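These are the residues of each chain, in order.
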Amino acid sequence: MTQTSHHTSASRRDPRTFGGILYSSDFDTGHSKKRNSGGSPIAARIAADLRFDLQCQRTREFADRRKQEERNER
């Protein structure tokens with residue numbers, strides 16, 4: 001019996017998202033001497049990357065709607 005299998009990589013990049021930049025400090029598990037009163041710098045960068053991704057998505061949706069409206073006007 002012949003079986004067909006499809007291999008997908010878990011590390012495949014999603015071209016629709018920025019993905020962010022990794023720094024060596026992201027892997028430092030030691031505690032910083034300085035208190036982060038504004039929260040974790042790593043979490044702040046992750047949140048900023050997410051906001052960037054969402055803004056890109058909204059921009060793309062707006063452009064798509066505009067193109068569709070232009071087609072409908074013709």
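I will try to describe carefully the structure that is included in this document. As the structure is a computational prediction, the values presented were derived from the model and not from experiment.

### A closer look at the overall build of the protein
At step 1: If you tally the helices and strands in the protein, you get one helix and zero strands.
At step 2: Out of the 74 residues belonging to the protein, those deemed buried represent 1%.
At step 3: When the accessible surface of the protein is totalled, it reaches about 7700 Å², and 52% of it is carbon and sulfur.

### Quick look at the pattern of salt bridges
At step 1: A complete count under the given rule lists two salt bridges for this structure.
At step 2: Among the salt bridges present, the one from aspartate 64 reaches arginine 60, with a minimum N-O distance of 2.8 Å. Separated by four residues within a single helix, aspartate 64 and arginine 60 lie in helix H1 (residues 41-73), roughly one turn from each other.
At step 3: Since its relative accessible area comes to 46%, arginine 60 is described here as partly exposed.
At step 4: Across the salt bridge formed by arginine 66 and glutamate 70, the nearest N and O atoms sit 3.8 Å from each other. One end of the pair is arginine 66 and the other is glutamate 70, both in helix H1 and four residues apart, which spans about a single turn.

### Some thoughts on the environment of glutamine 55
At step 1: For glutamine 55, the position within the fold is in helix H1.
At step 2: A relative accessible area of 41% places glutamine 55 in the partly exposed class.

### Concerning the environment of aspartate 49
At step 1: Along the polypeptide, aspartate 49 turns up in helix H1.
At step 2: Classification of aspartate 49 as partly exposed rests on a relative accessible area of 21%.

Thresholds, definitions, all that
- Residues numbered from 1 in each chain as written.
- Predicted model: local features only at pLDDT ≥ 70, side-chain atom pairs only at ≥ 80, totals over all residues.
- Heavy atoms only, no water.
- Helix = DSSP H or I, 4+ residues; strand = E, 2+ residues; numbered from the N terminus.
- Buried < 20%, exposed > 50% of the residue type's maximum accessible area, 1.4 Å probe, protein only.
- Areas by Shrake-Rupley, 256 points an atom, 1.4 Å probe, with all protein chains shown as cover.
- Salt bridge = Lys/Arg side-chain N within 4 Å of Asp/Glu carboxyl O.

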